[in-house]
Amino acid sequence: MAVIHHTVLKPTKLELLTSWLPSRPWYRGGAGEPKLAKAGGFRLDDPQGEVGIEFIVVTDASGPHPITYLVPLTYRGAPLDGAEHALVGTMEHGVLGQRWAYDGCHDPVLVAQLLALIEGRAQAQDQNISDVPDREVIVSYTGEGSTSTDVTATDDQEGTGLTTPHGTTLRVHRVLQPAPDGLFAPPRGATGHVSGSWQLPDGSRARGVFAVLHTGTRA
């Protein structure tokens, strides 16, 4: 179980993301600096208790229409070897000291736990309170067995694809789209998915898909 420390971060997570988001291929903002506000999210536990895992939802109000992004992050007490390209930034944690924040889609610990969540072997946790499940995160899985965590992560204009050697793909949506009328149905052909809720700028709640699993052909 991850313990959530209510302390000071320097810089803050939103400050890190303000600098980092415009460098992503899936960023939809303009040339100006993002104006970010936290809109939701959830956490997962690292079974080893070493890595913080958080799925942050932020809304950018810098353009003519607000755009909401899903940003999976991991927090580590030391650099992750070979992941320099995925470093979002470093920050000073009031309790834990220096922390390295990574784009979690490129961190094997987050990938393994996201698959465990879809397959029913892990439970989404509240973003702000220790040891409290997040009941707004809904998952489904119709596949068999466990999906390989040996994935190649590819970022593009639509999001991030995590693909195994057998062709199974876990697609992480980066730009979130509210489901019409709040009624969400799993994508056609998917063997698993994660959906969740977030707050819109007007204070209402929206629900949409966070990640979708499509199973390839086993060798």
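A short tour of the structure in this document, coming up. (Residues numbered from 1 in each chain as written. Predicted model: local features only at pLDDT ≥ 70, side-chain atom pairs only at ≥ 80, totals over all residues. Heavy atoms only, no water.)

1. Section: the overall build of the protein chain
Along the protein chain, the regular secondary structure elements total two helices and twelve strands. A globule of 219 residues ought to have a C-alpha radius of gyration of about 17 Å, and the protein chain, at 17 Å, matches this closely. The dimensions of the protein chain, computed from C-alpha atoms along their principal axes, are 45 × 40 × 35 Å. With 219 residues in all, the protein chain has 45% of them scored as buried. Considering only intrachain contacts with a sequence separation of at least 6, the fraction spanning at least 24 residues in the protein chain is 57%. Accessible surface computed for the protein chain: about 10900 Å², of which carbon and sulfur atoms make up 51%. (Helix = DSSP H or I, 4+ residues; strand = E, 2+ residues; numbered from the N terminus. Rg over C-alpha atoms; globule rule 2.2 N^0.38 Å. Buried < 20%, exposed > 50% of the residue type's maximum accessible area, 1.4 Å probe, protein only. Contact = heavy atoms within 4.5 Å. Areas by Shrake-Rupley, 256 points an atom, 1.4 Å probe, with all protein chains shown as cover.)

2. Focus on the nonpolar core
With 27 residues, the main nonpolar core has F42, F55, L117, L170 and F210 as its most contacted residues. Of all the secondary-structure elements, those providing two or more residues to this core are β2 (36-44), β3 (52-60), α2 (108-118), β10 (169-173), β11 (192-199) and β12 (205-214). Tallying contributions element by element places α2 first for this core, with six residues. Discounting chain neighbours no more than four positions away, the residues touching F210 are F42, V57, L70, R171, V172, H173, L176, V194, S195, G196, S197 and W198. Counting residues in each nonpolar core, the second largest holds 18 residues, with I67, Y75, V88 and V175 among its members. (Core = buried A, V, L, I, M, F, W, Y, C linked by side-chain atoms within 4.5 Å.)

3. Comments concerning unusual backbone geometry
You will see that D131, though not glycine, has its phi angle at about 60 degrees, which is positive. Structurally, D131 can be placed in the loop between α2 and β7 (138-141). Among the residues examined, D131 registers a relative accessible area of 54% and is labelled exposed.

4. Regarding the pattern of salt bridges
Charged atoms that come close allow side chains of opposite charge to pair. Across all of its chains, the model carries nine salt bridges by this definition. With a shortest N-O distance of 3.5 Å, E54 and R43 are connected by a salt bridge. A residue pair is termed long-range when its members are at least 10 positions apart, and E54 in strand β3 and R43 in strand β2 qualify at eleven residues. In terms of burial, E54 and R43 fall into one category: buried. Between D156 and R171 there is a salt bridge, with the nearest N and O atoms lying 2.6 Å from each other. Of this pair, D156 sits in the loop between β8 (152-155) and β9 (159-163) while R171 is found in strand β10, placing the two residues 15 residues apart along the sequence. Overall, the relative accessible area of 27% leaves D156 in the partly exposed class. Each of K13, R43 and E54 takes part in one network of salt bridges that share partners. (Salt bridge = Lys/Arg side-chain N within 4 Å of Asp/Glu carboxyl O.)

5. Things to note about the environment of L16
Of note, L16 is situated in helix α1 (residues 13-20). Classification of L16 by relative accessible area gives buried; the value is 12%. With 72 residues separating them in the primary sequence, L16 and V88 have C-alpha atoms 6.8 Å apart. Every residue in contact with L16, bar those within four places of it in the chain, is listed here: P11, V88, G89, T90, M91 and A101.

6. Some thoughts on α1
Those residues of α1 that fall on the buried side of the exposure criterion are L16, L17, T18 and W20. Packed against the buried residues of α1 are β2, β3, β4 (67-76), β5 (87-93) and β6 (97-103).

Take it as geometry only, folks, not as evidence of what the structure does.
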